[in-house]
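# Descriptive structure summary
Spelled out from the first residue to the last, the chains are:
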Amino acid sequence: MTESPTTDVETPLRQYELVARAIRYLRAHARQQPGLAELAAAVHLSEHHLQRVFAAWAGISPKRFLQYLSKAHALAALREAQDVVGAAEASGLSGAGRLHDLMVSCEAMTPGEIRSGGAGVDLAWGHAVTPFGMALAGWTPRGICHLAFLDDDSTRSLEALRASWPAARWRQDDADAQRLMDQVFPGTPQPGRLHLLLRGTNFQIKVWEALLKLPCGRCASYTQLAALAGRPRAQRAVGSALAANTIAYLIPCHRVIRENGESGHYRWGDERKSAMLAWEAAYARG
C-alpha cells in the first residue's frame, strides 16, 4: 500500500528521510538496477510522488541518482581526481576556497587553547534542519568548530562537543544554528563564505586542509589524499584523521572513497555519504 501525499513529506527533513530509505534500497539492489516502480513499492510511495519528492530534493530522477551511486561512476571520479590532486599540489594552496570557489577558510587552535578547554571562549550551539537530516552545530566568534548529523541520539553528540570545550561559556541558540546551516546549505552544494576553527594535530589539520582542495562533485582515494597532504605512504593515518573530523560536510571527508570504487564507511552513516556524493555529482554536472 502506498503512502498518500502529505505536507509532512514535503519538508526538507522528511524529504531526506525518504531519500535515505530509497538509497538504502538502491545500494542493496544496485546490481539488479531496480526501476522506479520497484523503488516506489520499497519505500511505500506512488511512482509519481516518489519521482516528484526525489527530484525536489536531489534535482534529478532516482534512475539518474542510481548512476551516480554506481562503482563505475566512482572509479571514473577517482581517475578525474588525479588531475585535481596534481593541480592542487601545484597551486600551493593550504586552505579551501580559491581553487574551487568553496569560500571556506580555516585556522587551527593553538596547543595552549586546546589545553585550556576553551576557557574564556563564548561557544554557541544549536539544532537545525539540513538537506541531510537534523544537525548539531557549534560555533565561536572565530568560526564553526562542530557540525554533526543526528539520527536517534543527539545527547551523545552534544556530550562530545562539551568534552572538547569543557571550560567554554555555553549558550544554546537553535534559531542562529538554523541561520548558520542555511548558509552552509543555501540550496546548492556550494556553501557561502564561512570560517572554520580546527582542533587537531598538525597532521590531521594537513589532511583536512587537503580535503578542502577537492571540488564539489569530485572524489579522492585514501592514497590520493595522502599524497595531497604531503605524506604519500600514510593512508592509514589519513583514515584516522578522517575519523577524527568533527566538522561534517564542510571538511568533506565524505568525498574520500576506496581505490576499488566502494564508498567505504562514514562516521555519520553510509546512506548519508552516498546521498552527499550523488547530490554533489548531480549539481557539478548540471
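Since we're looking at a predicted model, the values are computed, not measured.

## Thoughts on the overall build of the protein chain
Within the protein chain, the regular secondary structure consists of 13 helices and eight strands. Taking all 286 residues of the protein chain together, 49% fall into the buried category. If you take every contact in the protein chain between residues at least 6 apart in sequence, the share linking residues at least 24 apart comes to 67%. Carbon and sulfur atoms form 51% of the exposed surface of the protein chain, whose accessible area is close to 13300 Å².

## Concerning the confidence of the model for the protein chain
In this model, the protein chain carries a mean pLDDT of 82, and residues with pLDDT of at least 70 account for 85%. Helix H1 (residues 7–10) is the least confidently modelled element of the protein chain, averaging 51 in pLDDT, while strand E5 (residues 169–172) averages 96, the highest of any element. In the predicted structure, residues 1–8 sits below a pLDDT of 50 and forms 14 contacts with residues beyond four places in sequence or in another chain. Scored below 50 in pLDDT, residues 87–102 makes 31 contacts in the model with residues more than four places away or belonging to other chains.

## What to know about the nonpolar core
Ranked by internal contacts, the top residues of the largest apolar core, which has 73 residues, are Trp57, Phe132, Phe149, Leu196, Val207, Tyr249 and Leu250. For this core, the element with the most residues is helix H2 (residues 12–28), which contributes eight residues. Those residues within four positions of phenylalanine 132 in sequence are excluded, and the remaining contacts are Tyr16, Trp57, Phe149, Phe185, Tyr249, Arg272, Ala275, Met276 and Trp279. One finds Cys145, Leu150, Leu161 and Leu197 within the second-largest nonpolar core, a separate group that totals 11 residues.

## So, unusual backbone geometry
Positive phi outside glycine occurs at histidine 44, with the angle close to 65 degrees. Mapping histidine 44 onto the fold places it in the loop between helix H3 (36–42) and helix H4 (47–58).

## Thoughts on the packing of aromatic side chains
Tallied over the full model, the rule gives 12 aromatic pairs. Arranged with centres 6.2 Å apart and planes meeting at 45 degrees, the rings of tyrosine 16 and tryptophan 57 form a pair that is tilted. Highlighted residues: tyrosine 16 in helix H2 and tryptophan 57 in helix H4, separated in sequence by 41 residues. Its relative accessible area of 8% is what places tryptophan 57 among the buried residues. Taken together, a centroid distance of 5.0 Å and an interplanar angle of 80 degrees make the contact between phenylalanine 54 and phenylalanine 65 edge-to-face. Here phenylalanine 54 is found in helix H4, whereas its partner phenylalanine 65 is found in helix H5 (residues 62–69), with 11 residues between them in sequence. The burial state of phenylalanine 54 is the same as that of phenylalanine 65; both residues are buried.

Reading the values: the criteria
Residue positions are given per chain, counted from 1 along the sequence in the order it is written. Totals for whole chains, interfaces and linings use every residue, but because this is a predicted model, local features are given only for residues with pLDDT of at least 70 and side-chain atom pairs only at 80 or more, for both listing and counting. Side-chain measures here rest on the full set of heavy atoms in the structure, leaving out hydrogens and waters. The secondary structure listing takes helices from DSSP runs of H or I that are at least 4 residues long and strands from runs of E that are at least 2 residues long, numbered from the N terminus. Categorising residues by exposure relies on relative accessible area from a 1.4 Å probe, with only protein chains included: less than 20% of the type maximum marks a residue as buried, more than 50% marks it as exposed, and the intermediate range marks it as partly exposed. Contact definition: two residues touch when any of their heavy atoms are within 4.5 Å. Areas reported as accessible are Shrake-Rupley estimates using a 1.4 Å probe. Residue values count occlusion only from the protein chains shown. pLDDT: the predictor's confidence for each residue, scored from 0 to 100. Put simply, a nonpolar core is a bunch of buried Ala, Val, Leu, Ile, Met, Phe, Trp, Tyr and Cys residues held in one set by side-chain atoms that sit within 4.5 Å of each other. What counts as a ring pair is set by centres within 6.5 Å for rings of Phe, Tyr and Trp (its six-membered ring), and what kind of pair is set by the plane angle: stacked under 30 degrees, edge-to-face over 60, tilted for all other angles.

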